[in-house]
Amino acid sequence: MNAVEKRDFIHSRLHIANESTLDEFYERLRKEEALKTKLESRARKSEADIQSGRVCSRAEIEKRTANLGR
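Model, not experiment: these values are computed from the prediction.

Each value, and the rule that gives it
- Residues numbered from 1 in each chain as written.
- Predicted model: local features only at pLDDT ≥ 70, side-chain atom pairs only at ≥ 80, totals over all residues.
- Heavy atoms only, no water.
- Helix = DSSP H or I, 4+ residues; strand = E, 2+ residues; numbered from the N terminus.
- Expected span 1.5 Å × (residues − 1).
- Polar contact = N/O pair within 3.5 Å; in protein donor to acceptor, adjacent residues only side chain to side chain.
- Buried < 20%, exposed > 50% of the residue type's maximum accessible area, 1.4 Å probe, protein only.
- pLDDT = per-residue confidence, 0-100.
- Salt bridge = Lys/Arg side-chain N within 4 Å of Asp/Glu carboxyl O.

### Some points on helix H2 (residues 19-51)
Here H2 spans 48 Å end to end across 33 residues, near enough to the 48 Å set by a 1.5 Å rise per residue. If you check the start of H2, you find a side-chain oxygen 3.2 Å away from the backbone N of Ser20, and it comes from Asn18. Of the residues flanking the end of H2, it is Gly53, one or two places downstream, whose phi is positive at about 85 degrees.

### Looking at the environment of Ser20
Checked against the element boundaries, Ser20 lands in helix H2. Residue class for Ser20 comes out partly exposed when judged on its relative accessible area of 41%. Residues Ser20 and Glu62 lie 42 residues apart in sequence; the distance between their C-alpha atoms is 47 Å.

### Concerning the confidence of the model for the protein chain
When pLDDT is averaged along the protein chain, the result is 94; 100% of the residues meet or exceed 70. Mean pLDDT values over the elements of the protein chain span from 91, in helix H3 (residues 58-65), up to 97, in H2.

### Remarks on the pattern of salt bridges
The final tally for this structure, using the stated rule, is four salt bridges. Note that Glu62 is salt-bridged to Arg58, the shortest N-O span being 2.9 Å. Taken together, the residues Glu62 and Arg58, both in helix H3 and four residues apart, mark about one turn of the helix. According to the relative accessible area criterion, Glu62 is partly exposed, its value standing at 43%. Salt bridges linked by common partners bring Lys45, Asp49 and Arg54 together as one network.

Following this line, the structure appears as structure tokens:
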């Protein structure tokens, strides 16, 4: 089943879905949107850091993370 068929199937059954199914679907979509927003924000910040020269070398990263998890 391709994406269009799946959307049509879901759309045609939304009006008969029970409250718990609607709640699950709503929460999943809401969380997905929140994650997308968060990742886009991180990407914009990272790009700004790169543009302004706020970057670390590989050696600096390795030094900073050498003792993590110990």
